[in-house]
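Overview (structure and organization)
In case you want the letters, here they are:
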Amino acid sequence: MTYQEVLESARNSMGPYCRACPVCNGAACKNAIPGPGAKGIGTGFIRNYQKWQEICVNMDTICENKSVDTAAHLFGRDFKLPVFAAPVGAMQMHYGDKYDDLRYNEILVSGCADTGIAAFTGDGMNPAVMEAAAQALERNGGWGIPTVKPWNMELIREKLELVKRGNPLAIAMDIDAAGLPFLKNMEPPAGSKTVEELAQIAAWAEKPFILKGIMTVSGAKKALAAGACGIVVSNHGGRVLDQCPSTAEVLPAIADAVGDRMTVLVDGGIRSGMDVFKALALGADGVLIGRPFVTMVYGGGAAGIDVFVKKLQEELADTMAMCGAHSLADIRRNMLYGY
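Attention in this report is confined to the structure presented alongside it. Model, not experiment: these values are computed from the prediction.

The biggest cluster of nonpolar side chains holds 108 residues, and the ones touching the most others in it are Phe 84 and Phe 293. Looking at this core element by element, the count peaks at 13 residues for helix α12 (residues 291-323). Setting aside chain neighbours within four positions, we find Phe 84 in contact with Leu 74, Phe 75, Phe 79, Ala 118, Phe 120, Ile 145, Leu 265, Val 287, Leu 288, Ile 289 and Phe 293.

Next up, the structure:
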C-alpha cells in the first residue's frame, strides 16, 4: 500500500467526525467533539500544526558526503527513529466503529514494535482498556509506554500495578488530561496533582516515569522535582484549552531549562519527518504523533503503520542530508532559519 492508498481507505473506514484529511491540521474538525477536535473552538490544534509550518530549515550541503543515520537511543532502548505513536482513546466515539480501544491498542503496539518505534497506549473509563494495553505490551516484550490518566490516587495505584505486569519501557501520565470533563466530575476527585502526589506516583511506577502535558519551564522543573525522568511538551493536542501557545513555541525554553537532566519529547501538530527535524533542532530528544497514526491504523492496520513510519524516516533522512546533519547528534538549532 502507498500512503495515499491508506488515506483513501481510511476515509471509507472512519466515522462521520474525522475526515482523514490529506493534511491533518485541525481545520475541518476544530470544534468537533465527539471527534478529533476540541472542547472549545479548536484554535490550539490548528496553532500546533501551523507553528511547525512557519519554521524554515537552513539548507547546507557543503559537507562530507556520507549516509544519514536516523537511529535514536531513548529510555535505554534503540529505535529506528525518534518517533513515538501518541496515546489516543475513545476510538469508536471519536473515529468510528471499526476499532474499539482494545483492538486499536493491540494493532498499534505490535505495529510500532515491528517497525522499530514504540507506542504510548491510552487509558479510559472502561477498565478493560488498560487491561488490554498491558496484555498487548506483554505480548510484545514490553515494547511500549502505557499512559495513565490523572485519576484519584487510589485508582492510579491500581492501574500502575496492572500495567507493570506488561514490563513496559516506561510509564507515562498525561497530566494535561486534567481538563477533560469526565475527570472533573469524578468522585473521589481526579485531575491536577501536586509535586508531592506526582513523586508518590513516580515511586509506585517503579519504571522510568514520564509526565505528558508540560507547557512551561515552571511545569518542567516541577516534573523534575517530582522524579520524572522525562516529559512530553504537550497541550493534549490542543483539545483541552484554547488560546494556549503551540508546543513549538514553548519547546526551546523548556529544553534549555531541563534538557540536560531529563528526556524531552514533544507532541502536537507534528506531521512529517521535516517537522521531526525541526523539533530535534529546537531541543527535543524525540516526538509523539497522534492523529495520523489513527488514520493509518483505520486505513491499513499494521501495514498502514509501516507505510507511515517509512515515510517519516525518508523525510527525516532527506532533511538531515540537505542540512548537513548525518546523525541526530549533529542536529543543531542554527539549522533552523532565524534561530
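So, about the side chain of Asp 101. Tracing the sequence through the fold places Asp 101 in helix α4 (residues 101-115). In this structure Asp 101 is buried but unpaired, with Lys 149 as the nearest side chain of opposite charge at 8.7 Å. Those residues in contact with Asp 101 that lie beyond four places of it in its chain are Gly 89, Ala 90, Met 91 and Val 129.

Once that is clear, we can look at the packing of helix α5 (residues 127-139) against helix α6 (residues 153-164). At their nearest, the axes of α5 and α6 sit 8 Å apart, and the two run at 25° to each other. By the criterion of interaxial angle, the relationship of α5 to α6 is roughly parallel. Contacts between α5 and α6 pair Met 130, Glu 131 and Ala 134 from the former with Lys 159, Leu 162 and Val 163 from the latter. Considered class by class, the residues forming the contact of α5 with α6 number four nonpolar, no polar and two charged.

A few words on the pairing of strand β9 (residues 263-267). With five of five residues buried, β9 lies mostly within the body of the structure. Here four bridges tie strand β8 (residues 230-233) to β9, and the two strands are oriented parallel to one another. Its bridge partner being in β9, Val 233 is matched across the sheet by Val 266. Pairing between β9 and strand β10 (residues 286-289): three bridges, direction parallel. Residue Val 266 lies in a different strand from β10, and its bridge partner there is Val 287. One crossover worth recording links β9 to the parallel β10 by way of helix α11 (residues 273-281), and it is right-handed.

Our focus in this paragraph is the environment of Met 262. Looking at the element boundaries, Met 262 is found in the loop between α10 (247-258) and β9. Considered as a pair, Met 262 and Gly 124 are 138 residues apart in the sequence and their alpha carbons are 28 Å apart. In this structure, Met 262 is in contact with Ala 220, Ala 223, Leu 224, Ala 228, Cys 229, Gly 230, Ile 231 and Asp 285, ignoring residues within four places of it in sequence.

Analysis parameters
Residues numbered from 1 in each chain as written. Predicted model: local features only at pLDDT ≥ 70, side-chain atom pairs only at ≥ 80, totals over all residues. Heavy atoms only, no water. Core = buried A, V, L, I, M, F, W, Y, C linked by side-chain atoms within 4.5 Å. Buried < 20%, exposed > 50% of the residue type's maximum accessible area, 1.4 Å probe, protein only. Helix = DSSP H or I, 4+ residues; strand = E, 2+ residues; numbered from the N terminus. Contact = heavy atoms within 4.5 Å. Lys, Arg positive; Asp, Glu negative; His and termini not counted. Salt bridge = Lys/Arg side-chain N within 4 Å of Asp/Glu carboxyl O. Axes fitted to C-alpha atoms, helices over the stretch in contact; angles between N-to-C directions. Parallel < 35°, antiparallel > 145°, perpendicular 65-115°, else oblique. Nonpolar A, V, L, I, M, F, W, Y, C, P; charged D, E, K, R; others polar. Pairing = 2+ DSSP bridges. Right-handed = clockwise from strand over helix to strand, strands pointing away.

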